[in-house]
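Fold and geometry: a report
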Amino acid sequence: TMARRIQTLQPDSPVGFQIEGEIEARKGEWERAGAAFQKAYDAQPISGTAIALYRVQNSKGDRNAALATLPAWLAHEPKDADARMLLAMDHQQAG
């Protein structure tokens, strides 16, 4: 796949893993998507990847991991309004 080729050509780049995560998430392959997004996040922590990882963790039922991901990201980047809003909505829905 294109994602695998990018991973091979640019192993330190998050791009190939981000693409793989998106593809696997669309297929409902939450474990594979989570692993790919985690590798992308580890390569380069950015908001979009943190949010994608959080969503996949929630989708696969790993609530503890999801609730650890966004606060960890926000500790790194406290002005990220999108991540902060998503976390606030999550807490509101949980009651």
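Thresholds applied
- Residues numbered from 1 in each chain as written.
- Predicted model: local features only at pLDDT ≥ 70, side-chain atom pairs only at ≥ 80, totals over all residues.
- Heavy atoms only, no water.
- Phe/Tyr/Trp six-rings, centres within 6.5 Å; stacked < 30°, edge-to-face > 60°.
- Helix = DSSP H or I, 4+ residues; strand = E, 2+ residues; numbered from the N terminus.
- Buried < 20%, exposed > 50% of the residue type's maximum accessible area, 1.4 Å probe, protein only.
- Contact = heavy atoms within 4.5 Å.
- pLDDT = per-residue confidence, 0-100.
- Expected span 1.5 Å × (residues − 1).
- Arc of directions from axis to C-beta.

Once that is clear, we can look at the packing of aromatic side chains. Taken as a whole and judged by the stated rule, the model has one aromatic pair. With a centroid separation of 6.3 Å and an interplanar angle of 75°, the aromatic rings of Tyr41 and Trp73 are classed as edge-to-face. Of this pair, Tyr41 sits in helix α3 (residues 30-43) while Trp73 sits in helix α5 (residues 63-76), placing them 32 residues apart in sequence. Taking the relative accessible area as the measure of exposure, Tyr41 reaches 16% and is therefore buried.

With that settled, consider the environment of Ala40. Mapped onto the elements of the fold, Ala40 is located in helix α3. Residues Ala40 and Glu77 lie 37 residues apart in sequence; the distance between their C-alpha atoms is 17 Å. What Ala40 contacts, discounting residues up to four positions off in sequence, is Pro14, Phe17, Gln18 and Thr49.

A separate point is the confidence of the model for the protein. Looking at the protein, pLDDT values average 91 and 99% of them are 70 or higher. Helix α1 (residues 2-9) is the least confidently modelled element of the protein, averaging 80 in pLDDT, while α3 averages 95, the highest of any element.

What follows covers α3. With 14 residues, α3 should reach 20 Å at 1.5 Å per residue; the first-to-last C-alpha distance of 20 Å fits that figure. For α3, every residue scored as buried is listed here: Ala33, Gly34, Ala36, Phe37, Ala40 and Tyr41. One side of α3 carries all its buried residues, which in axial view fall inside an arc of 165°. Away from the buried face of α3 by more than 90 degrees, exposed residues Glu31 and Asp42 are located. Elements that come into contact with the buried residues of α3 comprise α2 (15-26), α4 (47-59) and α5.

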